[in-house]
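Structural description and commentary
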Amino acid sequence: MHSGGPELSIALVGTRGVPAHYGGFETAVEEVGARLAERGHQVRVYCRTLASDAPGERTPAEYRGMTLVHRGALRRRSLETLSHSGLSVAHLMTHRTDVAIVFNAANSPYLPLIRAARIPVATHVDGLEWKRDKWKGAGRRYYRMAESAAVRWSDALIADAQGIADYYREEFHADSRLIAYGAPRIAGGDDLLAGSGLATRGYHLVVARFEPENHVHTIVDGYARSSATLPLVVVGSAPYADAYTARVHALADERVRFLGGVWDQRLLDQLYANARTYLHGHSVGGTNPSLLRAVGAGTPTIAYDVVFNREVLGAAGTYFGGEDDVALRIEAAEEVADDAPLRQATSARALAYDWDDVADRYEALCRDLADRVQVRAHRPLTAQRVARTAEAVES
């Protein structure tokens, strides 16, 4: 659907860019940006290029109708995102667009520069990054400050889950636009599975970055405690996570198969669609594209019990809180003779997550921003936390 009105120039800032190979932000940028470009808008995506990338690796100037601007970054966990976004914003200030959308509240210190260039800006605030184990001390305090800055300096806030919208309302009395991600509809096909030594419905699957908040360790440990006869296939890795990766591998037994990162999208789709179950351990990131991919494939899902996952799965999912729960859920899944009704119920959840509808919502927001419509009820002079529990989480 095209909402009508003039074409806009739209900058998408703060992600690794496209093609999407990594996470939710990149998936949203590709799926939304391509649809907006197809509708006639000029979409510019800032893409991250690292010195460690393969020498001579091609950096295309265009992808799916979007213009790509490549900028570098410091190869250090605490500075990679900020350094890339700083270089991107520097370019944006001298190559103005009608609207900018900044992904990740961590980039909020750059919002005053974008506003100084008279570019209306929305911030997609993502999940509760400060809860991640990798951010301790100064890093955690920075993320908490960045949330406040996003509330203060954004013309609009975007939340991808009701739980995130509720958090910003409770913590800051700040309103936001609720725009979730879309769920891809994944068809069948299993011709690539044999190359990985797998059979249809013959394995359990987990796809995740190796971070404690994604509970890969809990899933692997719980599976190892179970009497499951089907193997557990683990897809994923993470930079800066050698110690955690070693911990996960140490918990596994001979039934666990680690495939590392899988960049072949067709193979990844087949892994989702043909799994007996998908195990999802993400706990702090809002609506997660990996979970939506499993839903779009109709794969019975065992998810970590948090509000974000229940929002997506509802009664179609089963949930775990620890290793023993994982073991019980996997054993129960293997005892089900016919899981077709559960697959149908899971697929039905995908109807509420449509990328065309997501693009409509982004387009409407961009038009409001470009037209200087007041998209927020108010912007506070300060953005202090108002929730009673705010101080407790600082410890």
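Coordinates for the structure precede this section.
Computed from a predicted structure; not experimentally measured.

1. Considering the pattern of salt bridges
All told, the structure shown has 20 salt bridges when counted by the stated rule. The shortest N-O distance in the salt bridge between arginine 209 and glutamate 211 comes to 3.9 Å. As a salt-bridge pair, arginine 361 and aspartate 357 come within 2.9 Å of each other at their nearest N and O atoms. Taken together, the residues arginine 361 and aspartate 357, both in helix α13 (residues 355–370) and four residues apart, mark about one turn of the helix.

2. Quick word on the packing of helix α6 (residues 216–225) against helix α11 (residues 323–335)
The interhelical angle for the contact between α6 and α11, taken along N-to-C directions, is 60 degrees, at an axis separation of 7 Å. With respect to their mutual orientation, α6 and α11 come out oblique. Crossing of α6 over α11 shows right-handed handedness. Side by side, α6 and α11 meet where Thr218, Ile219, Asp221, Gly222, Tyr223 and Arg225 of the first sit next to Glu323, Asp324, Val326, Ala327 and Ile330 of the second. Partitioning the contact of α6 with α11 into residue classes produces five nonpolar, two polar and four charged.

3. Side note on the nonpolar core
With 42 residues, the main nonpolar core has Leu12, Val45, Met66 and Tyr362 as its most contacted residues. When residues in this core are grouped by element, the largest group, seven residues, is from helix α1 (residues 24–38). Once residues lying within four places of it in the same chain are set aside, the contact partners of methionine 66 are Val18, Val29, Glu30, Gly33, Ala34, Ala37, Val43, Val45 and Ala61. Counting 36 residues, the second-largest nonpolar core is a separate cluster that includes Val125, Phe172, Ile302 and Ile330.

4. Brief notes about the sheet that holds strand β2 (residues 42–48)
Taken together, the eight strands give an open sheet; going across it, the order is β3-β4-β2-β1-β5-β6-β7-β8, and neighbouring strands pair in mixed fashion. Two strands in the sheet have a free side with no partner beyond their single neighbour: β3 (62–63) and β8 (177–178). Two elements, strand β7 (residues 156–159) and β8, share two bridges in a ladder whose sense is parallel. Paired with isoleucine 158 across the two strands is arginine 177, which belongs to β8. Of the strands in this sheet, β1 (9–13), β2, β4 (66–71) and β5 (99–103) touch helix α2 (residues 80–94), which is tilted by about 145 degrees from β2. Packing of α13 onto the sheet brings it into contact with β1, β5, β6 (121–124), β7 and β8, and relative to β5 it is tilted by some 125 degrees.

5. Some words on the packing of aromatic side chains
Following the criterion strictly, the structure yields seven aromatic pairs and no others. Each ring, one from tyrosine 142 and one from tyrosine 143, has its centre 6.1 Å from the other, and the planes form 80 degrees; the classification is edge-to-face. Tyrosine 142 gets classed as partly exposed once you look at its relative accessible area, which sits at 23%. A relative accessible area of 10% means that tyrosine 143 is categorised as buried. Relative to tryptophan 355, the ring of tyrosine 181 has its centre 6.3 Å away and its plane inclined at 40 degrees; by these criteria the two rings are tilted. Here tyrosine 181, found in the loop between β8 and β9 (204–207), pairs with tryptophan 355, found in helix α13; they are 174 residues apart in sequence, far enough to count as distant. Owing to a relative accessible area of 7%, tryptophan 355 belongs among the buried residues under this scheme. Within the aromatic cluster, the residues linked to one another by ring pairs are Tyr167, Tyr168 and Phe172. Over the ring of tyrosine 223 we find arginine 255; its NZ or CZ atom is 4.6 Å from the centre of that ring. Positioned over the ring face of tyrosine 319 is arginine 310, at 3.9 Å from the centre of the ring.

6. Here's the deal with the pairing of β5
Taking burial as the measure, the five residues of β5 include five buried ones, the bulk of the element. Along β5, one buried face is formed by Val99, Ile101 and Phe103 and the opposite face, lined by Ala100 and Val102, is buried too. Across four bridges, the pairing between β1 and β5 is parallel. The partner of leucine 12 across the bridge, within β5, is isoleucine 101.

7. Regarding unusual backbone geometry
A cis amide bond links valine 18 with the next residue in sequence, proline 19, at an omega value of 0 degrees. With respect to the element layout, proline 19 can be found in the loop between β1 and α1. The backbone phi angle of asparagine 104 is positive, close to 90 degrees, even though this residue is not glycine. By the secondary structure assignment, asparagine 104 is in the loop between β5 and α3 (111–116). By relative accessible area, which is 10% here, asparagine 104 ends up buried.

Reading the values: rules and limits
- Residues numbered from 1 in each chain as written.
- Predicted model: local features only at pLDDT ≥ 70, side-chain atom pairs only at ≥ 80, totals over all residues.
- Heavy atoms only, no water.
- Salt bridge = Lys/Arg side-chain N within 4 Å of Asp/Glu carboxyl O.
- Helix = DSSP H or I, 4+ residues; strand = E, 2+ residues; numbered from the N terminus.
- Axes fitted to C-alpha atoms, helices over the stretch in contact; angles between N-to-C directions.
- Parallel < 35°, antiparallel > 145°, perpendicular 65-115°, else oblique.
- Left-handed = near helix turned anticlockwise from the far one by under 90°.
- Contact = heavy atoms within 4.5 Å.
- Nonpolar A, V, L, I, M, F, W, Y, C, P; charged D, E, K, R; others polar.
- Core = buried A, V, L, I, M, F, W, Y, C linked by side-chain atoms within 4.5 Å.
- Buried < 20%, exposed > 50% of the residue type's maximum accessible area, 1.4 Å probe, protein only.
- Pairing = 2+ DSSP bridges.
- Phe/Tyr/Trp six-rings, centres within 6.5 Å; stacked < 30°, edge-to-face > 60°.
- Lys NZ or Arg CZ within 6 Å of the ring centre and 35° of its normal.

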